[in-house]
Amino acid sequence: MTLTTRGHYSIKALLDLSLQPQYGPSSVRAIAERQNIPAPYLEKLLIELRRAGLVRSLRGVYGGYQLARPPRQISLRQILLAVGESPQPLFLQPPEPDAATADWVTLSLWQQLHQKLQDALDSISLEDLYFDARSWQAAQGDGATFVV
């Protein structure tokens, strides 16, 4: 599986939002600066994430984006699918009917690996990443700023 820039930045942005006090709103500019993401690109990703129901936008001076639901209810797979990322197996086409047994076994292997990857992406939540980030921050000392 290759994680594209779209997927990587989307995960970084939502993790950033999960690290805000009470998951409060944060501006695109603030997230972009903390995570070193171009703001116009981030804005497009956040719009897609909002359409998927993962974030909501708030208007006004103290507005911005915030998580639409608790981090434990947002899986990595949901984030990736929201921005058009869907890991695909390397081999989509089945071998010819008269192909060697090894070709069919290899296809089965790739299908099993693909399913395990999907299951893993479903089982890892934003909350899991949040706790990993907080552990890293604690190991760095109180003043550490988290950049994914």
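This is a predicted model, so every value here is computed, not measured. The written sequence of each chain sets the order in which its residues are numbered from 1. Given that the model is predicted, a residue must reach a pLDDT of at least 70 before its local features are reported, and side-chain atom pairs must reach 80 or more before they are shown or counted; all residues, however, enter totals for whole chains, interfaces and linings. To get the side-chain values, all heavy atoms of the structure are used, and hydrogens and water are removed first.

(A) The packing of helix α2 (residues 28-35) against helix α3 (residues 39-51), seen in detail. Note on definitions: angles span 0 to 180 degrees between N-to-C directions of axes, and those axes are lines fitted to C-alpha atoms, for helices only across the stretch in contact. Where helices and strands are cited, they refer to DSSP runs of H or I of at least four residues and of E of at least two residues respectively, numbered from the N terminus. Where α2 contacts α3, the two axes come as close as 9 Å, and the packing angle between them is 115°. Relative to α3, α2 is oriented so that their crossing is right-handed. Facing V28, I31 and A32 of α2, the residues of α3 in contact are A39, L42, E43 and L46. Helix crossings get a hand from a simple test, with the near helix turned counterclockwise from the far one by less than a right angle marking a left-handed crossing and a clockwise turn marking a right-handed one. The contact definition used throughout considers only heavy atoms, calling two residues in contact when any of these lie within 4.5 Å.

(B) Fine view of the side chain of E85. Residue placement: E85 occurs in the loop between α4 (76-82) and α5 (101-123). Relative accessibility thresholds used throughout: buried, under 20% of the residue-type maximum; exposed, over 50%; partly exposed, between the two (1.4 Å probe, protein chains only). His is not counted, nor are the chain ends; Lys and Arg add positive charge and Asp and Glu add negative charge. Counted as salt bridges are all cases of a side-chain nitrogen of Lys or Arg within 4 Å of a carboxyl oxygen of Asp or Glu. Notably, E85 is buried but unbridged: the nearest opposite-charge side chain belongs to R6, and the N-O separation is 4.1 Å. The contact partners of E85, leaving out residues within four places of it in the chain, are T4, R6, G7 and L80.

(C) Local environment of the pattern of salt bridges. One pass over the structure, following the stated rule, counts four salt bridges. Between E48 and R6 there is a salt bridge, and its shortest N-O distance comes to 2.7 Å. In this pair, E48 sits in helix α3 while R6 sits in helix α1 (residues 5-18), placing the two residues 42 residues apart along the sequence. For E48, a relative accessible area of 22% corresponds to the partly exposed category. With a closest N to O distance of 2.6 Å, D16 and R34 form a salt bridge. Residue D16 is found in helix α1, and its partner R34 is found in helix α2; the two are separated by 18 residues along the sequence. D16 sits in the buried class, given a relative accessible area of 2%. Overall, R34 belongs to the partly exposed group, its relative accessible area being 26%.

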